Amino acid sequence: MSPLHYLNAPLWLMGIAGAEKSMRKNPILGSETLNRWGLHRARVTIAARLAEMRRKRLASHLSEEDRTFFDENGYFVTRNFLEPEHFEALKREVFNKPYEAREMRQGQAVTRMTPVPPEVLGRNPAIAAALRDKRALAQIRYAASQGGQPMGFIQSVIVNPDGRKDPQSNVHADTFHATSKAWLFLQDVGEEDGPFCFVPGSHKLTAERLEWQHQCSLSASRDSDSHHASGSFRIRSEDLKTLGLPQPVRMAVPENTLIVADTFAFHGRTPSDKATVRCELHWHMRRNPFLPWTGLDPKSLPGIKERELQLFMPIADLMEKHLKVGNVWRPVGEVAVDSQPHI
């Protein structure tokens, strides 16, 4: 590490009190000594306690039945989420025209992200109504244990089996604290279509899970798996048993099913042995886990709300061009959401 690299030390220190998770990029978070003394254990514990406190404030927006199911399992699942007329209108808007999109390749899988800023939502009322649905937002916020504005867009996952490993098929936790992802599936997702998989109950911070997090933190910065080193810890099947957890459940579901999950829990994308294209509305929500409040979200401000991708992606392109900071999302122009990859 060059001496100039240490000029980043103030940023590394600030990362301790935020959502930063990479053990490799932040040598303070990845320090074996500090983690042996309890740094990572403390961050996980404090984040979990604050998440529990925030969820109590958000609970009134859910039915008791939904809340009880989530608290036990770590996810929501709602079939026939939209009324049939709305769902058919949604599919017509999504599938019958091209949209500006970006793509990212991970092994044999390409993920296509189609941003839908306010001007696009204004021309597509069914997409707008679905992304702004109060029931979906209540579940997303509860799963993330945060108030505010989730990031929503159209997502397509295109798999053409070619022998390359899809890193998302390794069961993992996204980060060290409660976050949420949600999918409103626009097509049936069968057992062989590479469905989402989830380990029920693995969102709970048990003593066993905390110890596992601690042990991972001692060596993650040196791990050969870059995702694990970045703080998205991978877990083996035998380790699930050690933690007293079941094996992942495949979420094969019919179209018009909404799944919302806390992705501190263990989850992944089931490997597919056939070519598949899966399209969905997708939400993602992650905020600083050490905030005691649920409001005061900058992403909810006028001019920023529903424009996060529209604002961030050009900045990421400039950082790649001038600062050599990699951006995995490549622009592909206007394409149909269910077309074959363009990268």
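Residues numbered from 1 in each chain as written. Predicted model: local features only at pLDDT ≥ 70, side-chain atom pairs only at ≥ 80, totals over all residues. Heavy atoms only, no water.

Caption draft 1: Broad picture of the overall build of the protein. When helices and strands are tallied, the protein shows 12 helices and 11 strands. Since a compact globule built from 343 residues should have a radius of gyration of about 20 Å, the 20 Å found for the protein is in line with a globular shape. Each principal axis of the C-alpha distribution contributes one length, and for the protein these read about 55 × 50 × 45 Å. Across the 343 residues in the protein, those meeting the buried criterion constitute 52%. For the protein, the share of sequence-separated contacts (at least 6 apart) that also reach a separation of at least 24 residues comes to 83%. If you sum the accessible surface of the protein, you get close to 16,100 Å²; carbon and sulfur atoms cover 57% of it. Both charge centroids of the protein, one from 45 positive and one from 40 negative side chains, sit 6 Å from each other. (Helix = DSSP H or I, 4+ residues; strand = E, 2+ residues; numbered from the N terminus. Rg over C-alpha atoms; globule rule 2.2 N^0.38 Å. Buried < 20%, exposed > 50% of the residue type's maximum accessible area, 1.4 Å probe, protein only. Contact = heavy atoms within 4.5 Å. Areas by Shrake-Rupley, 256 points an atom, 1.4 Å probe, with all protein chains shown as cover. Lys, Arg positive; Asp, Glu negative; His and termini not counted. Charge placed at Lys NZ, Arg CZ, Asp CG, Glu CD.)

Caption draft 2: A look at the state of the cysteines. Scanning all chains against the criterion turns up 0 disulfides. For the unlinked cysteine Cys-216, the closest cysteine sulfur is that of Cys-197, found at 18 Å. With no disulfide partner, Cys-279 has as its closest neighbouring cysteine sulfur the one in Cys-197, 20 Å distant. (Disulfide = S-S within 2.5 Å.)

Caption draft 3: Focus on the sheet that holds strand S6 (residues 196-198). The 3 strands are arranged S7-S6-S9 in an open sheet whose pairing can be described as antiparallel. The open sheet has two edge strands with one neighbour each: strand S7 (249-250) and strand S9 (267-269). In terms of strand pairing, S6 meets S9 through 3 bridges, oriented antiparallel. By the bridge assignment for S9, Phe-198 is matched with His-267. (Pairing = 2+ DSSP bridges.)

Caption draft 4: The arrangement of the sheet that holds strand S10 (residues 276-285) in detail. Reading across from one edge, S1-S8-S5-S10-S4-S3-S2-S11 is the order of the 8 strands in this open sheet, with antiparallel pairing throughout. Both outer strands of the open sheet, strand S1 (75-78) and strand S11 (330-335), are each paired with one neighbouring strand and no more. Between one strand axis and the next, the sheet turns through 25 degrees on average, direction left out of account. As paired strands, strand S5 (residues 180-185) and strand S8 (residues 258-262) are joined by 5 bridges and run antiparallel to one another. Bridging across to S8, Leu-184 finds its partner in Leu-258. (Axes fitted to C-alpha atoms, helices over the stretch in contact; angles between N-to-C directions.)

Caption draft 5: The packing of aromatic side chains, seen in detail. This structure, assessed with the given rule, holds 10 aromatic pairs. When the ring of Phe-70 is compared with that of Phe-76, the centres are 4.8 Å apart and the planes differ by 20 degrees; the resulting orientation is stacked. Side by side, Phe-70 and Phe-76 carry an identical accessibility label, which is buried. On the basis of an interplanar angle of 35 degrees and a centroid distance of 4.4 Å, the ring pair of Trp-183 and Phe-196 is categorised as tilted. Taken as a pair, Trp-183 in strand S5 and Phe-196 in strand S6 lie far apart in primary sequence, 13 residues in all. Accessibility expressed as a relative area gives 5% for Phe-196, which makes it buried. Members of the aromatic cluster, each reached through a chain of ring pairs, are Phe-69, Tyr-75, Trp-183, Phe-196 and Phe-198. (Phe/Tyr/Trp six-rings, centres within 6.5 Å; stacked < 30°, edge-to-face > 60°.)

Caption draft 6: Main features of the packing of helix H4 (residues 64-73) against helix H8 (residues 134-144). At a minimum axis separation of 12 Å, H4 and H8 run at an interaxial angle of 35 degrees. In the crossing of H4 with H8, the sense of the turn from one axis to the other is right-handed. Where H4 abuts H8, its residues Asp-66, Arg-67, Phe-70 and Asp-71 lie against Gln-139, Tyr-142 and Ala-143. Residue composition of the contact of H4 with H8, grouped by class: 3 nonpolar, 1 polar and 3 charged. (Left-handed = near helix turned anticlockwise from the far one by under 90°. Nonpolar A, V, L, I, M, F, W, Y, C, P; charged D, E, K, R; others polar.)

Caption draft 7: Looking closely at the environment of Val-335. Summarising the element assignment, Val-335 is placed in strand S11. We classify Val-335 as buried; its relative accessible area is 6%. With residues near it in sequence (within four places) discarded, Val-335 still touches Pro-98, Tyr-99, Ala-101, Arg-112 and His-342.

Caption draft 8: A look at the pattern of salt bridges. Across all of its chains, the model carries 22 salt bridges by this definition. Residue Asp-133 pairs with Arg-135 through a salt bridge whose shortest N-O separation is 2.9 Å. Residue class for Asp-133 comes out buried when judged on its relative accessible area of 13%. Residue classification places Arg-135 among the partly exposed positions, given a relative accessible area of 43%. The partner of Asp-166 in a salt bridge is Arg-269, with the nearest N and O atoms 3.0 Å apart. On the criterion of sequence distance, the pair formed by Asp-166 in the loop between strand S4 (151-159) and S5 and Arg-269 in strand S9 is long-range, its members being 103 residues apart. The same class applies to Asp-166 as to Arg-269, namely buried. A single network of salt bridges, built from pairs that share partners, joins Glu-32, Arg-36 and Arg-222. (Salt bridge = Lys/Arg side-chain N within 4 Å of Asp/Glu carboxyl O.)

Caption draft 9: Main features of the environment of Arg-57. Its location among the elements puts Arg-57 in helix H3 (residues 39-58). Beyond its immediate stretch of four places on either side in the chain, Arg-57 contacts Pro-292, Trp-293 and Thr-294. At 2.6 Å, the side chain of Arg-57 and the backbone oxygen of Pro-292 are in polar contact. (Polar contact = N/O pair within 3.5 Å; in protein donor to acceptor, adjacent residues only side chain to side chain.)

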